[in-house]
Amino acid sequence: MELLPFPCVAVHVDEAKHPGGVIDAFLKERPSSRWVLLGGHAVQTNAQLWTAWVKTTRNELRDTCVARSLDAEFMRYLAGTHHVSEAFARAGYQDGSGDAWILHLPQAESSQNSLGHIHPLVPENASIPGDLTALLHALDWKVSDTHMQLSIEKSKHLGADVSAVEFEELEERLIAHISMADDQSASHR
């Protein structure tokens, strides 16, 4: 089954227009914490993003998030760590890079299994809201033609152990990396 495209867009950031900092400018202008700013290295595949979204929204629905905001919880999963500060260092925008991704975390519908556990359902029509145009205008950022692309170097930046991985196994390793975020021992890698 082919996954729906995750609602995200690559952007080019002109840091000179934000003397107070790119991240602060984004946080000030974004409509809600469902909007996430990631480093250009952090977004690699739809499966990676949907996996982190499922983990994040499951915690949101169960009211068990580790981070104080939804965007930080999502970044924590992408970075494969239990520690929010480490997540920002691994998956967040890095000053001087100029390249970033803006994502919108769709609201999850939920279902309950026979044991009563709540699970998020991937929305049938997930798209980036129209607020994106206003957000980009307010920040004076431009959409980039960058596409999602698997990369061993980018995966290392996210903290994934990919030293002995064949390229064909990289996406699978990124998914495993996300799944290890709640493993306390894995977060100290």
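Residues numbered from 1 in each chain as written. Predicted model: local features only at pLDDT ≥ 70, side-chain atom pairs only at ≥ 80, totals over all residues. Heavy atoms only, no water.

### What about the side chain of Q44?
Mapped onto the fold, Q44 is located in the loop between β2 (35-39) and α2 (46-62). Those residues within four positions of Q44 in sequence are excluded, and the remaining contacts are M148, Q149, L150, S151, K154, S155, L158 and L174. (Helix = DSSP H or I, 4+ residues; strand = E, 2+ residues; numbered from the N terminus. Contact = heavy atoms within 4.5 Å.)

### Points about the confidence of the model for the protein chain
Per-residue pLDDT for the protein chain averages 90, and the proportion of residues at 70 or more is 96%. Per-residue pLDDT, averaged within each element of the protein chain, yields its smallest value for strand β4 (residues 109-112) (73) and its largest for β2 (98). Segment residues 185-189 is flagged for pLDDT under 50; beyond a separation of four residues in sequence, or across chains, it makes twelve contacts in the model. (pLDDT = per-residue confidence, 0-100.)

### A few points about the sheet that holds β2
One open sheet accounts for four strands, arranged β2-β3-β1-β6; its pairing is antiparallel. Looking at the sheet topology across the chains shown, the edges are occupied by β2 and β6 (142-143). Alignment of β2 against strand β3 (residues 99-104), held across five bridges, turns out to be antiparallel. By the bridge assignment for β3, V36 is matched with L103. (Pairing = 2+ DSSP bridges.)

### Considerations on the layout of surface pockets
Estimated volume of the largest pocket: approximately 190 Å³. Around the largest pocket sit 13 residues that line it, and I23, L27, D71, M75 and F88 are the ones nearest its centre. Listing elements by their share of the lining of the largest pocket, those giving two or more residues are α1 (22-29) and α3 (70-78). For the lining of the largest pocket, a count of residues per class yields eight nonpolar, three polar and two charged. (1 Å grid on protein atoms, 1.4 Å probe; cavity = no way out; pocket = protein on both sides within 12 Å on 5 of 7 lines; lining within 4 Å. Points joined across faces, edges and corners; volume = space filled by probe spheres on them. Nonpolar A, V, L, I, M, F, W, Y, C, P; charged D, E, K, R; others polar.)

### Quick look at the packing of α3 against helix α4 (residues 84-91)
Where α3 contacts α4, the two axes come as close as 8 Å, and the packing angle between them is 70°. In terms of orientation, α3 lies roughly perpendicular with respect to α4. For the pair α3 and α4, the contacting residues are A72, M75, R76 and L78 in the first and V84, A87, F88 and A91 in the second. For the contact of α3 with α4, the residue count by class is seven nonpolar, no polar and one charged. (Axes fitted to C-alpha atoms, helices over the stretch in contact; angles between N-to-C directions. Parallel < 35°, antiparallel > 145°, perpendicular 65-115°, else oblique.)

### Description of the nonpolar core
Of all hydrophobic cores here, the largest spans 32 residues; its most connected members are F6, L38, L49, F74, L78, A91 and L103. If you list the elements that add at least two residues to this core, you get β1 (8-12), β2, α2, α3, α4, β3 and α7 (170-179). Sorting elements by how many residues they give to this core places α3 first, with five residues. With sequence-adjacent residues up to four places away left out, A91 is seen in contact with L38, G39, H41, A42, M75, L78, A79 and L158. (Core = buried A, V, L, I, M, F, W, Y, C linked by side-chain atoms within 4.5 Å. Buried < 20%, exposed > 50% of the residue type's maximum accessible area, 1.4 Å probe, protein only.)

### A word on the environment of S155
Its location among the elements puts S155 in helix α6 (residues 152-157). Ignoring any residue separated from it by four or fewer positions in sequence, one finds S155 in contact with Q44, A160, V162, L170 and L174.

### A few points about the environment of A47
Among the secondary structure elements, A47 is positioned in helix α2. Classification of A47 as buried rests on a relative accessible area of 18%.

### Thoughts on unusual backbone geometry
Of all residues except glycine, most have a negative phi; of all peptide bonds, most are trans. Residues other than glycine seldom take positive phi values, yet D63 does so here, at roughly 60°. As for its position among the elements, D63 is in the loop between α2 and α3. For D140, which is not glycine, the phi torsion reads 60° and is therefore positive. Inspection of the secondary structure assignment puts D140 in the loop between α5 (131-139) and β6. Overall, D140 belongs to the partly exposed group, its relative accessible area being 30%.

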